[in-house]
Amino acid sequence: MPTDIGVEEAQRLVREDHALLLEVLPREEYAEEHIAGAANIPLKELTSDAVDGIERDQPVIVYCDDDL
Amino acid sequence: MFDLVGGKSEWRELGLPMQGTGPFRFVAGQVLAPAPATCGPDASSGDVRGILRSSPFCVVVNEQGIVLGRVRPKDLPTEDDARVADFMQLGPATVQRREELDGLVERMRNKGVSTILVTTPKGELLGYVDRADAERLIAGAAAPRDASKS
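Rules behind the numbers
Residues numbered from 1 in each chain as written. Chains lettered and ligands numbered in written order. Predicted model: local features only at pLDDT ≥ 70, side-chain atom pairs only at ≥ 80, totals over all residues. Heavy atoms only, no water. Helix = DSSP H or I, 4+ residues; strand = E, 2+ residues; numbered from the N terminus. Rg over C-alpha atoms; globule rule 2.2 N^0.38 Å. Buried < 20%, exposed > 50% of the residue type's maximum accessible area, 1.4 Å probe, protein only. Areas by Shrake-Rupley, 256 points an atom, 1.4 Å probe, with all protein chains shown as cover. Lys, Arg positive; Asp, Glu negative; His and termini not counted. Charge placed at Lys NZ, Arg CZ, Asp CG, Glu CD. Arc of directions from axis to C-beta. Contact = heavy atoms within 4.5 Å. pLDDT = per-residue confidence, 0-100. Pairing = 2+ DSSP bridges. Axes fitted to C-alpha atoms, helices over the stretch in contact; angles between N-to-C directions.

1. Remarks on the overall build of chain A
- Looking only at helices and strands, chain A features two helices and five strands.
- Against the globule reference of 11 Å for 68 residues, chain A gives a C-alpha radius of gyration of 12 Å, in line with a compact fold.
- Along the longest, intermediate and shortest principal axes, the C-alpha atoms of chain A span 30 × 25 × 25 Å.
- Within chain A, buried positions represent 37% of all 68 residues.
- Within the structure as shown, chain A displays about 4300 Å² of accessible surface, and the carbon and sulfur contribution to it stands at 50%.
- Placing the 5 positive and 18 negative side-chain charges of chain A at their respective mean positions leaves the two points 4 Å apart.

Here it is, written out as structure tokens:
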């Protein structure tokens, strides 16, 4: 299960642990506007093959639009 | 694996860097400026007169930081011993950080308003939006860019 974190902790993980920000919204939404430096794998395409390029020990922070 | 609570909406509201081809969703949090001055409801008009020599307005907050009112130079009485609570502009309009700027700027323009306070959902003061800052951000959004303020 993913661990919930806030913006401050996400910034720290990116800065200190080189965490990958991963937007899981559709490609069109990602293209229009995303967090600077984030990658995109739409949720429907999020398979083990799709994450092959991510280092196993690299922290990954997934996000969508918001959690409300 | 981590889940960013609040997602990119909160990132945007905090004015942190965004990228993309647009159209961007601009929100109040991206042009949030700190309130120029604050005071309590029991401050005196003389104290606030001094504050307003270097600030365009003073936000009146209670001990929890919740907005009660605002004082502009035109609200000041002539005497120096009046209580702020008796002459402040009561319950000024406020918006939250996630308020979309397009509509907000238009409403501010229509009402001839140049600044508006920004609060948390509980009414705690976060700062204010200057309409000119918001207009500049929106006007600069035509080309693909880094949508952050900084």
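Having put the structure on the table, let's press on.
2. So, unusual backbone geometry
- With omega at 5°, the peptide bond leading from Gly22 of chain B into Pro23 of chain B counts as cis.
- Its place among the elements puts Pro23 of chain B in the loop between strand E2 (18-20) and strand E3 (32-33).
- Phi at His18 of chain A is positive, roughly 55°, even though this residue is not glycine.
- What makes His18 of chain A exposed here is its relative accessible area of 56%.

3. Let's talk about helix H4 (residues 101-111) of chain B
All names here are of chain B.
- For H4, the full list of buried residues reads Leu101, Leu104, Val105 and Met108. Along the axis of H4, the buried positions cluster into a sector of 95°, meaning they face one direction only.
- Those residues of H4 hidden inside the fold are in contact with strand E8 (94-95), strand E9 (115-119), strand E10 (125-130) and helix H5 (131-139).

4. Quick look at the confidence of the model for chain B
All names here are of chain B.
- Summing up the model confidence of chain B, the mean pLDDT is 92 and the portion of residues at 70 or higher is 93%.
- The secondary structure element of chain B with the lowest average pLDDT is strand E11 (residues 145-146), at 50, and the one with the highest is strand E5 (residues 58-61), at 98.
- In the model output, the complex is listed with pTM 0.82 alongside ipTM 0.91.

5. Regarding the sheet that holds strand E5 (residues 60-63) of chain A
- Taken in spatial order, the five strands of this open sheet run E1(A)-E1(B)-E5(A)-E2(A)-E4(A), and their pairing is parallel. The open sheet has two free edges, formed respectively by strand E1 (3-5) and strand E4 (39-40) of chain A, since each of these has just one partner strand.
- With two bridges joining them, strand E2 (residues 20-23) of chain A and E4 of chain A adopt parallel strand pairing. Residue pairing across strands places Leu22 of chain A opposite Ala39 of chain A, the latter belonging to E4 of chain A.
- Set on the sheet, helix H1 (residues 7-17) of chain A makes contact with E1, E2 and E5 of chain A together with strand E1 (2-4) of chain B; between it and E1 of chain A the angle comes to about 105°.

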